There are 2 protein chains.
Amino acid sequence: MERARICFVGAGNLATHLSLAFSEHADVVQVYSRTEASAKMLADRLHCAYTTDIQALVNDADLYVCALKDSVLEEVLSQGDFKDKLVIHTAGSMPMSVFAAHAKRYGVIYPMQSFSKSKPVDFKKIPVFVEGSDAETLAYLHGLAEMVSDKVYDADTEVRGKLHIAAVFASNFSNHMYALAYELLKGSELPFEVLLPLIDETAQKVHSLAPKAAQTGPAVRYDTNVINKHLGMLKGDDALVEIYKLISKDIHERG
Amino acid sequence: MERARICFVGAGNLATHLSLAFSEHADVVQVYSRTEASAKMLADRLHCAYTTDIQALVNDADLYVCALKDSVLEEVLSQGDFKDKLVIHTAGSMPMSVFAAHAKRYGVIYPMQSFSKSKPVDFKKIPVFVEGSDAETLAYLHGLAEMVSDKVYDADTEVRGKLHIAAVFASNFSNHMYALAYELLKGSELPFEVLLPLIDETAQKVHSLAPKAAQTGPAVRYDTNVINKHLGMLKGDDALVEIYKLISKDIHERG
């Protein structure tokens, strides 16, 4: 495959990590962001040009990667000119068909990971899901994705939607459980670090056991003694009480 | 410290892992369980005696470890004779004072981990929290705990209660989020394994960022577009809808 010329539309967490991964195997030629500071910061890391004017995108890139908030994507598509360009987005829950009115060749490269700007990731290990407007485009995008990840799958809009919602539960919601544990420990003299071995083991376990089979604790044992003690301790934070009750009930009922 | 003689009252997951860890540094001399099969299975692994009669416990052990369901502990304490014995339990949510009417010297060794019989653990890495009825007992238990774990903390009943509820959130509830993701993927052709890099990274992240700072996804961005799309996709499973709404709202409100 010839060295591809890629233009990034967006300069957030995902754009940052994906463009840096691509830059080892392709030429990232330009970064667009509405905010000059963001555009410049990423362009500096990539040693490439940047713009804050969507109509000033270069015309000759092989690929335009829109890594934008879902709510911004359609606006950018209608302001820019993507008719004769190959344009993709990177979002879990956005259908590929969002491009149909704006371009002839389009697709999706969805890297399923929780990106924070300050934390480097090993992109090779991130599962990437690809969709294309036609067989040739899909093959091209699949090849590009394989340059940055060892785990590339084809997935259409419907499957990608399921993946995204599963990812919200597996990552965002489990992280919120960590956040609530963090708050609960604040009242004691113990640091959050004491929970890390437990958090790691819980994540590690589901590599070899299905999550249901790995479950332990008062809810799955239906130990109402402990459950009621805990609910008593949570009094004063109605949201915590409600979350504790609802999840315990669900563990028990699906158990 | 002289090689301690330890008797285990209980033969479940925690008793199994803790007794095996102790057996490398102490003599586990007897296992009690109400169920003969459980008592024999663990005793065979420890090459020691077993009994199903609580009144047939040996009299000369240095320590009696009750690793029992909370609801069973009090019953066993009143049936056995612990007056002149050093007796402890291993539970997060049970106060140490449960022993006051039954023994003179007592305490707690609470290893905070999610144990499954089929999965070996590296006990050295498990945080262990110790409480004792008096300074001498506490020091003795602390020393014993240090034989099996590199992370031994003193924690009284109140702190241990907070730890346990934090552990339920960080482990049992986050594992349930994995279980729900597992169910959501069932309808697609993709295996649960595609979520493992995301699960690992989410756990890994909170080693270097506070959970709140590590949060990503539609709820913390308050991306109502995506949130409403997801709620539409979850229709038909009322519990899932309720969990999705409640946790998303809580992420947003504490964010």
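So, a few notes on the structure that sits alongside this text. (Residues numbered from 1 in each chain as written. Chains lettered and ligands numbered in written order. Predicted model: local features only at pLDDT ≥ 70, side-chain atom pairs only at ≥ 80, totals over all residues. Heavy atoms only, no water.)

### Remarks on the sheet that holds strand E6 (residues 105-111) of chain B
Pairing between sheet strands relies on hydrogen bonds along the backbone, with the strands arranged either parallel or antiparallel. Residue and element names in this part refer to chain B. Strands sit in the order E3-E2-E1-E4-E5-E6-E7-E8 across an open sheet of 8 strands; the sheet is mixed. Only two strands of the sheet have a single partner each, and these edge strands are strand E3 (49-51) and strand E8 (151-154). Going across the sheet, the axis of each strand differs from the next one's by a mean of 25 degrees, ignoring polarity. Summarising the sheet, strand E1 (residues 5-9) and strand E4 (residues 63-66) pair through 4 bridges and their orientation is parallel. By the bridge assignment for E4, Val-9 is matched with Cys-66. (Pairing = 2+ DSSP bridges. Helix = DSSP H or I, 4+ residues; strand = E, 2+ residues; numbered from the N terminus. Axes fitted to C-alpha atoms, helices over the stretch in contact; angles between N-to-C directions.)

### A look at the pairing of strand E2 (residues 27-32) of chain A
Residues and elements named next belong to chain A. Across the 6 residues of E2, 5 count as buried, placing the element largely inside the fold. As defined by bridge partners, strand E1 (residues 5-9) adjoins E2 across 5 bridges and the pair is classed as parallel. The partner of Phe-8 across the bridge, within E2, is Val-31. As judged from the 3 bridges shared by E2 and strand E3 (residues 49-51), these two strands associate in the parallel manner. What sits directly across from Tyr-32, in E3, is Thr-51. Read as a crossover between parallel neighbours, the route from E2 over helix H2 (residues 36-46) to E3 is right-handed. (Buried < 20%, exposed > 50% of the residue type's maximum accessible area, 1.4 Å probe, protein only. Right-handed = clockwise from strand over helix to strand, strands pointing away.)

### Some remarks on unusual backbone geometry
Excluding glycine, residues mostly carry a negative phi; peptide bonds, for their part, are mostly trans. One non-glycine residue with positive phi stands out, namely His-47 of chain A, at about 55 degrees. The topology assignment puts His-47 of chain A in the loop between H2 and E3. Among the residues examined, His-47 of chain A registers a relative accessible area of 75% and is labelled exposed. Within the chain, Tyr-222 of chain B stands out as a residue other than glycine whose phi angle is a positive 50 degrees.

### Here we look at the side chain of Thr-216 of chain B
Note that Thr-216 of chain B resides in the loop between helix H7 (211-214) and helix H8 (218-221). Ignoring sequence-local partners within four residues, the contact set of Thr-216 of chain B consists of Ser-114, Phe-115, Ser-116 and Asn-172 of chain A together with Lys-205 of chain B. (Contact = heavy atoms within 4.5 Å.)

### Topic: the nonpolar core
Phe-169 and Leu-195 of chain A together with Phe-169 and Leu-195 of chain B are the most contacted members of the largest nonpolar core, which has 128 residues in total. Contacts of Leu-195 of chain A, omitting those with residues within four sequence positions, involve Ala-181 and Leu-185 of chain A together with Met-112, Ala-166, Ala-167 and Ala-170 of chain B. (Core = buried A, V, L, I, M, F, W, Y, C linked by side-chain atoms within 4.5 Å.)

### A word on the interface of chain B and chain A
Each partner contributes to the interface: chain B provides 93 residues, whereas chain A provides 93 residues. Interface of chain B and chain A: buried area, both sides summed, is about 8,900 Å²; carbon and sulfur atoms make up 67% of it. It is Phe-169, Leu-198 and Arg-254 of chain B that lose the most area in chain B upon contact with chain A, and together they represent 8% of the buried surface on that side. Where chain B meets chain A, there are 4 salt bridges. Measuring nitrogen to oxygen at the nearest pair gives 3.2 Å for the salt bridge that ties Glu-183 of chain B to Arg-254 of chain A. The interface formed by chain B and chain A holds 29 residue pairs in polar contact (both at pLDDT 80 or more) in total. Examining the composition of the side of chain B that touches chain A, we find that 26 residues originate from one element, helix H5 (residues 157-186) of chain B, more than from any other. Across the side of chain B that touches chain A, the residue classes tally to 50 nonpolar, 24 polar and 19 charged. (Buried area = accessible area lost by both parts, 1.4 Å probe. Salt bridge = Lys/Arg side-chain N within 4 Å of Asp/Glu carboxyl O. Polar contact = N/O pair within 3.5 Å; in protein donor to acceptor, adjacent residues only side chain to side chain. Nonpolar A, V, L, I, M, F, W, Y, C, P; charged D, E, K, R; others polar.)

### What about the side chain of Asn-175 of chain B?
By secondary structure assignment, the location of Asn-175 of chain B is in helix H5. With near-sequence residues (within four places) excluded, Asn-175 of chain B lies in contact with Thr-202, Val-206, Pro-211, Ala-214 and Gln-215 of chain A.

### Brief notes about the sheet that holds strand E8 (residues 152-154) of chain A
Residues and elements named next belong to chain A. The strand order across the open sheet built from 8 strands is E3-E2-E1-E4-E5-E6-E7-E8, with neighbouring strands paired in mixed fashion. A strand with exactly one partner marks an edge of an open sheet, and here the two such strands are E3 and E8. Ignoring which end each strand starts from, the neighbouring axes of this sheet average 25 degrees apart. In the packing of helix H1 (residues 13-22) onto the sheet, the strands contacted are E1, E2, strand E4 (63-66) and strand E6 (105-111), and the crossing angle to E1 comes to about 170 degrees.

### What about the relation of the copies chain B and chain A?
Two copies of one chain are present, and they are related through a rotation about an axis combined with an axial shift. With an axial shift of 0.0 Å and an RMSD of 0.1 Å, the rotation relating chain B to chain A amounts to 180 degrees. On this basis, the relationship between the two copies can be described by a two-fold rotation axis. By C-alpha distance to the rotation axis, the residue of chain B lying nearest is Ser-174 of chain B, at 2.2 Å. The overlap is high: 100% of the interface residues of chain B also sit at the interface in chain A, so the same surface is used on both sides. (Least-squares fit on C-alpha atoms with pLDDT ≥ 70 in both.)

### A few points about the pairing of strand E7 (residues 128-132) of chain A
Residue and element names in this part refer to chain A. Of all the 5 residues making up E7, 5 are buried; the element is thus mostly covered by neighbouring parts of the structure. The two faces of E7 match: Val-128, Val-130 and Gly-132 on one face and Phe-129 and Glu-131 on the other face are all buried. Note that E6 and E7 share 5 bridges and pair antiparallel. Of the residues in E7, the one forming a bridge with Tyr-110 is Phe-129. Pairing analysis gives 3 bridges linking E7 to E8, with the strands arranged parallel. Residue Val-128 lies in a different strand from E8, and its bridge partner there is Val-152.

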